[in-house]
There are 2 protein chains.
Amino acid sequence: MIAGQYKEMLGTKSVIRTLSEKAAARAKVVGYGNVYDYSLGNPSIPVVQGFTDTLISLLRTQDPVELHGYSPTLGIPSVKEKIADSLRARFGIPYGPEHIFPTSAAAAALAHALRAVTVFGDEVLTFAPFFPEYHPYVNLTGARLRVAPPDTQNFQIDWEAAQKMIGEKTAAVLINTPNNPSGAVYSEATLKKLAALLEKKSREYGHTIYLISDEPYREIVFDHKQQPYVSRYYVDTIACYSFSKSLSLPGERIGYLAVNPACQEAETIVNMCGQISRGIGHNCPSSLMQLAMAESLDMTVDFSVYEKNRNLLYACLKENGFEVVKPAGTFYIFPKALEEDAAAFCEKALNYDLVLVPGDSFGCPGYFRMAYCMDTEKVERSLPVLQKFVRETYGK
Amino acid sequence: MIAGQYKEMLGTKSVIRTLSEKAAARAKVVGYGNVYDYSLGNPSIPVVQGFTDTLISLLRTQDPVELHGYSPTLGIPSVKEKIADSLRARFGIPYGPEHIFPTSAAAAALAHALRAVTVFGDEVLTFAPFFPEYHPYVNLTGARLRVAPPDTQNFQIDWEAAQKMIGEKTAAVLINTPNNPSGAVYSEATLKKLAALLEKKSREYGHTIYLISDEPYREIVFDHKQQPYVSRYYVDTIACYSFSKSLSLPGERIGYLAVNPACQEAETIVNMCGQISRGIGHNCPSSLMQLAMAESLDMTVDFSVYEKNRNLLYACLKENGFEVVKPAGTFYIFPKALEEDAAAFCEKALNYDLVLVPGDSFGCPGYFRMAYCMDTEKVERSLPVLQKFVRETYGK
């Protein structure tokens with residue numbers, strides 16, 4: 001029998017996808033350069049040449065039978081070792097290869113982490129604004145996603161809501177910092193307070209509440225600052241990492257899951273990932289990609305373009321009367337719309353070939369997201385268009 | 001809470017894995033060349049140079065942002081088109097790109113297919129001998145794997161058992177031809193009879209029983225013969241393909257799922273795969289691998305080594321008094337052990353540094369598997385060892 005659960009999902013089309021299709025259609029009419037498509041979070045900076053060179057060198061010099069051979073279920077040992085070394089050196093946590101599980105980017109890391117620490121009927125709490133894919137990521141495991149309302153002051157955490165919503169059934173809390181869509185970076189104070197809350201609630205309910213930290217934007221932080229490393233603040237943390245953004249490799253599906261060595265049953269969780277993998281058809285990321293990634297662990301592309309774009313957009317939005325929190329990282333900005341209905345606001349912007357995404361699906365109605373991973377030249381050309389849209393539509 | 005379901009699986013270690021670990025330990029003592037490891041089905045023929053050249057050329061000439069960019073949820077359109085074209089030309093079925101879903105090899109194809117056509121509590125029937133990973137592949141979806149006993153005469157299908165075991169709850173039948181572990185190739189007669197049975201049973205129970213065809217060995221058929229293409233015999237067939245064996249790329253995790261266009265809700269099933277993917281963290285295989293694979297669809301490595309090895313082993317086994325069906329394809333042979341307890345038989349063989357896998361986990365006690373994907377020189381050297389083992393242990 002066709003599985004109704006998945007068939008029904010076909011009806012509900014992603015808002016982002018629909019918008020980017022509209023943008024593509026419009027681009028055919030007015031030209032790609034004249035559509036300001038702020039909808040998709042697709043990195044625009046090419047991968048570092050060193051990564052490409054490593055791939056070519058592996059293909060040229062390695063025995064192909066070994067190079068393209070099966071990766072062990074838990075990942076290629078030398079790759080796991082190098083990831084652990086890099087994390088240990090950077091963040092001072094004594095990771096070993098036994099705490100690392102290479103994955104097909106962050107989505108697969110989350111798929112494994114969620115299955116490892118939840119059972120059917122458990123709840124997973126996340127904080128708005130949040131990445132809408134968390135719905136299928138969590139709900140299709142058999143657990144249930146709950147969303148705490150946003151702290152729109154600075155896009156940290158609404159503590160009153162968090163307090164109330166972490167209950168008996170909460171198996172894990174899922175965070176994403178630097179955050180898509182807000183661009184906020186959880187501060188050290190936020191992470192300490194969250195850790196204290198999770199410790200208290202874990203004691204109260206007599207079971208560990210795991211922290212699943214989705215961190216594909218970990219390195220994209222501006223103003224010479226850094227994201228405080230989440231796993232340092234709470235031992236029962238599973239970090240889910242991806243090179244999609246840091247190396248501009250979203251299509252290669254390469255990342256890893258790192259369990260804090262001090263976490264409850266840390267090694268068991270990694271071993272369980274090997275079993276989970278059998279059920280979900282994962283069986284490790286590409287062996288070639290694992291090997292190339294292991295040589296590029298401490299590289300990133302040059303994020304200065306994203307920072308320049310952030311500065312330009314933030315200044316323009318402020319000038320045009322928007323309420324907006326200055327993003328500390330990522331390549332997103334998340335201003336308040338100029339009318340209550342953000343969908344209506346974004347619809348009107350489309351008339352100016354500005355493609356903006358309403359915040360509703362991110363759990364934050366009344367706001368909208370702009371993904372500014374594009375050439376600065378295009379951002380610059382979009383600014384007078386944005387101004388024109390605001391003046392003509394809202395008389396500002 | 002740690003998910004007990006997966007934690008419990010940690011106790012049960014794969015027989016094949018345990019054996020290959022023993023072989024590796026023994027190789028450290030007597031040297032790799034002196035251990036005749038017939039346990040692992042890891043291709044031993046290097047990938048065709050054309051594939052490596054395509055990868056290097058893509059890396060050298062393509063815009064890296066596009067090359068490594070997100071693949072659409074349903075796969076890269078040009079890749080899907082080329083797969084459909086190739087299948088149409090080879091097998092005469094009018095596939096279009098809308099019937100193709102690129103996957104991380106056959107394991108992921110099966111993970112998607114199984115979720116698309118079963119719901120919790122459904123049964124999936126397979127025929128012994130079968131690939132033991134079908135247990136987690138099926139059972140972790142919420143459906144239940146049932147195994148029909150083997151037809152040990154020729155490793156086709158035990159029809160009486162099949163008749164009885166397809167019931168109200170059977171949502172799908174899962175076959176693997178050419179077969180791991182037997183090396184058997186289902187004949188046209190077998191496929192026609194199976195189709196007739198599934199049509200009859202579908203009518204009887206008032207719902208479509210899907211045929212899921214796991215075909216990573218599709219091209220590895222000897223004696224200038226071919227595997228009759230399964231989807232031609234039964235419309236409601238989902239073919240699950242992998243390039244792991246045909247191109248010797250097991251670590252790259254690249255393959256696809258192809259739904260027969262005449263299948264019930266064919267396009268819906270492919271679209272559902274995009275949704276299933278969100279839940280299991282799949283999100284397409286590597287974009288680089290998709291693009292390279294699309295240029296290599298009609299290539300295979302040279303399988304003559306496997307055929308030569310099959311001939312040598314089959315002759316030697318017959319000479320030494322084994323009951324054995326001559327494999328028509330793959331790189332496996334599946335003889336009857338010389339005592340009832342195949343595990344005991346394989347344990348004794350280990351004393352001669354012959355690593356054989358008992359048939360119990362393949363649903364066929366009393367038999368054992370040899371994976372002969374290795375250098376012919378080594379197979380040749382193993383033959384007198386096999387003879388010595390048989391003479392000394394069983395007095396033959």
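Along each chain, the written sequence defines residue order, and numbers are assigned to residues from 1. Throughout, the order in which chains and ligands are written sets their labels, letters from A for the former and numbers from 1 for the latter. Thresholds applied to this predicted model are a pLDDT of at least 70 for local features of residues and 80 or more for the giving and counting of side-chain atom pairs; totals over whole chains, interfaces and linings are not thresholded and use all residues. Each side-chain value is derived from all of the structure's non-hydrogen atoms; neither hydrogens nor water enter the calculation.

Q: If you had to explain the overall build of chain A to someone new, which residues and values would you point to?
A: When helices and strands are tallied, chain A shows 14 helices and 12 strands. Both definitions apply: the radius of gyration is a C-alpha atom measure, and the globule rule equals 2.2 Å times residues to the power 0.38. For chain A, the C-alpha radius of gyration of 21 Å lies close to 21 Å, the compact-globule estimate for 396 residues. Counting only C-alpha atoms and orienting by the principal axes, one finds that chain A spans roughly 60 × 55 × 55 Å. Partly exposed describes any residue whose relative accessible area lies between the buried limit of under 20% and the exposed limit of over 50%, with all areas from a 1.4 Å probe on protein chains only and scaled to the type maximum. By residue count, 62% of the 396 residues in chain A fall in the buried class. Contacts between residues were defined by any pair of non-hydrogen atoms, one from each residue, lying within 4.5 Å. Considering only intrachain contacts with a sequence separation of at least 6, the fraction spanning at least 24 residues in chain A is 75%. As displayed, chain A has an accessible area near 14,500 Å², and 50% of this comes from carbon and sulfur atoms. The convention is simple: Lys and Arg are positive, Asp and Glu are negative, and His and the chain ends are not counted. To locate a charge, the coordinates of NZ of Lys, CZ of Arg, CG of Asp or CD of Glu are taken. Computing the positive centroid from 39 side-chain charges and the negative centroid from 43, chain A places the two 4 Å apart. A run of H or I in DSSP becomes a helix once it reaches four residues, and a run of E becomes a strand once it reaches two; helices and strands are each numbered from the N terminus. Where accessible areas are quoted, they stem from the Shrake-Rupley method and a 1.4 Å probe; at the residue level, only the protein chains shown are allowed to cover.

Q: Describe the side chain of Arg218(B), listing the residues and the values that go with them.
A: Residue and element names in this part refer to chain B. Within the secondary structure, Arg 218 is located in the loop between strand 6 (210–214) and strand 7 (237–242). Polar contacts, as counted here, are pairs of nitrogen or oxygen atoms within 3.5 Å of one another; within protein the pair requires one atom able to donate a hydrogen and one able to accept it, and residues that are adjacent in sequence qualify only if both atoms are side-chain atoms. Within the structure, the side chain of Arg 218 is placed 3.1 Å from the side chain of Glu 219, a separation counted as a polar contact. Look past the residues within four positions of Arg 218 in its chain and what remains in contact with it is Leu 87, Arg 90, Phe 91, Pro 178, Gln 227, Tyr 229, Tyr 241 and Tyr 256.

Q: For the relation of the copies chain A and chain B, give the residues involved together with the corresponding values.
A: The atoms used to superpose the copies are C-alpha atoms, taken from residues with pLDDT of at least 70 in both, and the fit is least squares. For the pair chain A and chain B, the superposition axis carries a translation of 0.0 Å, the fit reaches an RMSD of 0.0 Å, and the rotation angle comes to 180 degrees. With respect to symmetry, the two chain copies, as superposed, fit the operation of a two-fold axis. Comparing interface residues between copies, 100% of those in chain A also lie at the interface in chain B; the contact surface is shared.

Q: Let's hear about the confidence of the model for chain A: which residues, and what values?
A: pLDDT expresses how confident the predictor is about each individual residue, on a scale running from 0 to 100. Mean pLDDT over chain A stands at 95; residues scoring 70 or higher make up 100%. Across the predicted assembly, pTM comes out at 0.96 and ipTM at 0.94.

Q: Which residues make up helix 10 (residues 266–280) of chain B, and what are the values?
A: Between its first and last C-alpha, helix 10 of chain B extends 21 Å over 15 residues, near the 21 Å set by a 1.5 Å rise per residue. With 13 of 15 residues buried, helix 10 of chain B is to be regarded as a mostly interior element. One less than the residue count of a helix, multiplied by 1.5 Å, gives the span that helix is expected to have.

Q: Tell me about the pairing of strand 6 (residues 210–214) of chain A, and please be specific about residues and values.
A: Residues and elements named next belong to chain A. In terms of burial, strand 6 is largely enclosed, as five of its five residues are buried. Neither face of strand 6 is open: one carries Tyr 210, Ile 212 and Asp 214, the other Leu 211 and Ser 213, and all of them are buried. If DSSP finds at least two bridges between two strands, the strands pair. As defined by bridge partners, strand 5 (residues 170–176) adjoins strand 6 across five bridges and the pair is classed as parallel. Within the sheet, the bridge partner assigned to Asn 176 lies in strand 6 and is Asp 214. Note on the crossover from strand 5 through helix 9 (residues 188–205) to strand 6: the handedness is right-handed. Pairing geometry for strand 6 and strand 7 (residues 237–242), over four bridges, is parallel. For Ser 213, the partnering residue across the bridge sits in strand 7 and is Ala 239. When the strands point away from the viewer, a crossover counts as right-handed if the path from the first strand over the helix to the second runs clockwise.

Q: Break down the interface of chain A and chain B for me, with residues and values.
A: The partner chain B presents 73 residues to the 73 residues of chain A that form the contact. Taking both partners together, chain A and chain B bury about 5,900 Å²; carbon and sulfur atoms supply 59% of that area. Of all residues in chain A, Met1(A), Tyr70(A) and Arg278(A) give up the largest surface area on contact with chain B, accounting jointly for 13% of the area buried on that side. The salt bridge definition used is simple: a Lys or Arg side-chain nitrogen within 4 Å of an Asp or Glu carboxyl oxygen. There are four salt bridges connecting chain A and chain B. A simple way to read buried area is as the amount of 1.4 Å-probe accessible surface that goes missing from two parts once joined, with both sides added.

Q: Which residues make up unusual backbone geometry, and what values go with them?
A: Of the consecutive residues Ala128(B) and Pro129(B), the connecting peptide bond is found in the cis state with omega at -5 degrees. Mapped onto the fold, Pro129(B) is located in the loop between strand 3 (123–127) and helix 7 (134–139). With phi around 60 degrees, Asp353(A) is a residue other than glycine that occupies positive phi space. Position of Asp353(A) among the secondary structure elements: in the loop between helix 13 (342–350) and strand 10 (354–355).

Q: Any details on the environment of Leu354(A)? Residues and values, ideally.
A: All names here are of chain A. Note that Leu 354 resides in strand 10. With relative accessibility at 0%, the residue Leu 354 sits in the buried group. Those residues in contact with Leu 354, other than ones at most four positions away along the chain, are Tyr 36, Tyr 38, Ala 349, Ser 382, Val 385, Leu 386 and Phe 389.

Q: Could you give an account of the sheet that holds strand 8 (residues 255–259) of chain B, naming the residues involved and the relevant values?
A: All names here are of chain B. In spatial order, the strands read 2-8-7-6-5-3-4; together these seven strands make up an open sheet with mixed pairing. Edge positions in the sheet fall to strand 2 (100–103) and strand 4 (144–148), since each of these pairs with one other strand and no more. Looking at each pair of strands side by side, their axes are set apart by 20 degrees on average, direction ignored. As paired elements, strand 3 and strand 5 (residues 170–175) share four bridges and run parallel to each other. Within strand 5, the position partnered with Leu 125 by the bridge is Val 173. Angles run from 0 to 180 degrees between N-to-C directions of axes, and those axes are lines fitted to C-alpha atoms, restricted for helices to the stretch in contact. Lying on the sheet, helix 6 (residues 105–117) is in contact with strand 2, strand 3, strand 5, strand 6, strand 7 and strand 8; it crosses strand 7 at an angle near 160 degrees.

Q: An account of the side chain of Arg115(B) is needed here, citing residue identities and associated values.
A: Looking at where Arg115(B) falls in the secondary structure, it is placed in helix 6. Although buried, Arg115(B) forms no salt bridge, and the nearest oppositely charged side chain, Glu133(B), lies 12 Å from it. In this structure the side chain of Arg115(B) is engaged in a polar contact, spanning 3.1 Å, whose partner is the backbone oxygen of Ala111(B). If we skip the residues at most four places from it in the chain, Arg115(B) touches Ala3(A), Tyr6(A), Gly279(A), Ile280(A), Leu140(B), Thr141(B), Ile276(B) and Ile280(B).

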